[in-house]
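# Summary of the model geometry
Residue-level listing of the chains:
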Amino acid sequence: MLARRLLQPLKTANMRFFPDSFPYAPDWVVLGVNNACNLRCKMCDVGAGYKASNFYHNMTGAKPLNMPRELIFKIIDETARYFPKAKLGYGFTEPLLYPHLVESIRYAKQKRLTTALTTNAFGLERLAVDLALAGLDEVSVSLDGPPEIHNAIRGHARSFAGAFEGIKKIFKIKGPAPEVSIFCAVTEWNIGHLVRFAELFKSFPLRRLGFCIRTLPRPMLPGRTMPSMVVYTPPPFPV
Ligand code: SF4
């Protein structure tokens, strides 16, 4: 135990100053690039107004914050240099609102990194072509059910339509385009509507349709309960 404690700062320092000599390269470098979201989901600290969590405060700061352009370019440079096989992920917050999204993905592709985006996709339609041209490799979209269920959970009457149109637009792109996966958190609000939901995507060439199931009882997790198990349904989907 003592040895581990003593070694930990060395490991951290080694990682920071000599990352190329760190024995285990990460598979992913996932970035939270902003503190804003355009939805207010029931199952999220933001939508539920659960103010005791860091996530709530990070996401609803007094003013919108974006990772500075110089910083994300520096991270991309260092990832490409030290961990060229790691995927660069944009997640946690709502990356489609990040002003340097497209140009930073383009830069990451120039550096031969694989890039991935996790999004609520409200606003994807506007950026779909630009993201494809920039070379984005993967998009994971969070959806919660058929339109009226999703909209009720997400707190916005057009949130499903916005995401659906964005996904359709990606599949219409001629030439290289990101692979699309859809993930659905199974909750008490959408249970009973999931087959109808999956049927909406029957004809879409999705990479994955995933259902995230909460496996820990609510009292064991503070505040928001994140889904902790993902059931993937590889195509063709059994609907
Ligand atoms: S889209 Fe994501 S971050 Fe935004 S409110 Fe919903 S769950 Fe929270």
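Read on for a plain summary of the structure.

## Quick look at unusual backbone geometry
We note that phenylalanine 92 has phi near 70 degrees; this positive angle belongs to a residue other than glycine. For phenylalanine 92, the position within the fold is in the loop between β2 (87-90) and α5 (101-110). Despite not being glycine, arginine 112 has its phi angle at roughly 65 degrees, a positive value. If you trace the backbone, arginine 112 turns up in the loop between α5 and β3 (114-119).

## Considerations on the pattern of salt bridges
All told, the structure shown has ten salt bridges when counted by the stated rule. Residue lysine 87 pairs with glutamate 138 through a salt bridge whose shortest N-O separation is 2.8 Å. One end of the pair, lysine 87, is in strand β2; the other, glutamate 138, is in strand β4 (residues 138-142), with 51 residues separating them in the sequence. Residue classification places lysine 87 among the partly exposed positions, given a relative accessible area of 23%. The closest approach of N and O atoms between glutamate 165 and lysine 168, which form a salt bridge, is 3.4 Å. Residue glutamate 165 and its partner lysine 168 are located together in helix α8 (residues 159-172), separated by three residues, close to a single helical turn. Overall, the relative accessible area of 29% leaves glutamate 165 in the partly exposed class. Taken together, the shared-partner salt bridges in this structure form one network comprising Lys87, Glu138, Glu179 and Arg207.

Thresholds, definitions, all that
- All chains use their own residue numbering, which begins from 1 and follows the written sequence.
- Under the rules for a predicted model, residues below a pLDDT of 70 receive no local features and side-chain atom pairs below 80 are neither given nor counted, while totals for whole chains, interfaces and linings still include all residues.
- Values shown for side chains rest on all heavy atoms present in the structure; no hydrogens or waters enter the calculation.
- Under the scheme used here, helices are H or I runs from DSSP no shorter than 4 residues and strands are E runs no shorter than 2 residues, and both carry numbers assigned from the N terminus.
- Throughout this description, the term salt bridge denotes a Lys or Arg side-chain nitrogen within 4 Å of a carboxyl oxygen of Asp or Glu.
- Between buried and exposed lies partly exposed: a residue is buried under 20% and exposed over 50% of the maximum accessible area for its type, with that area taken using a 1.4 Å probe on protein chains only.

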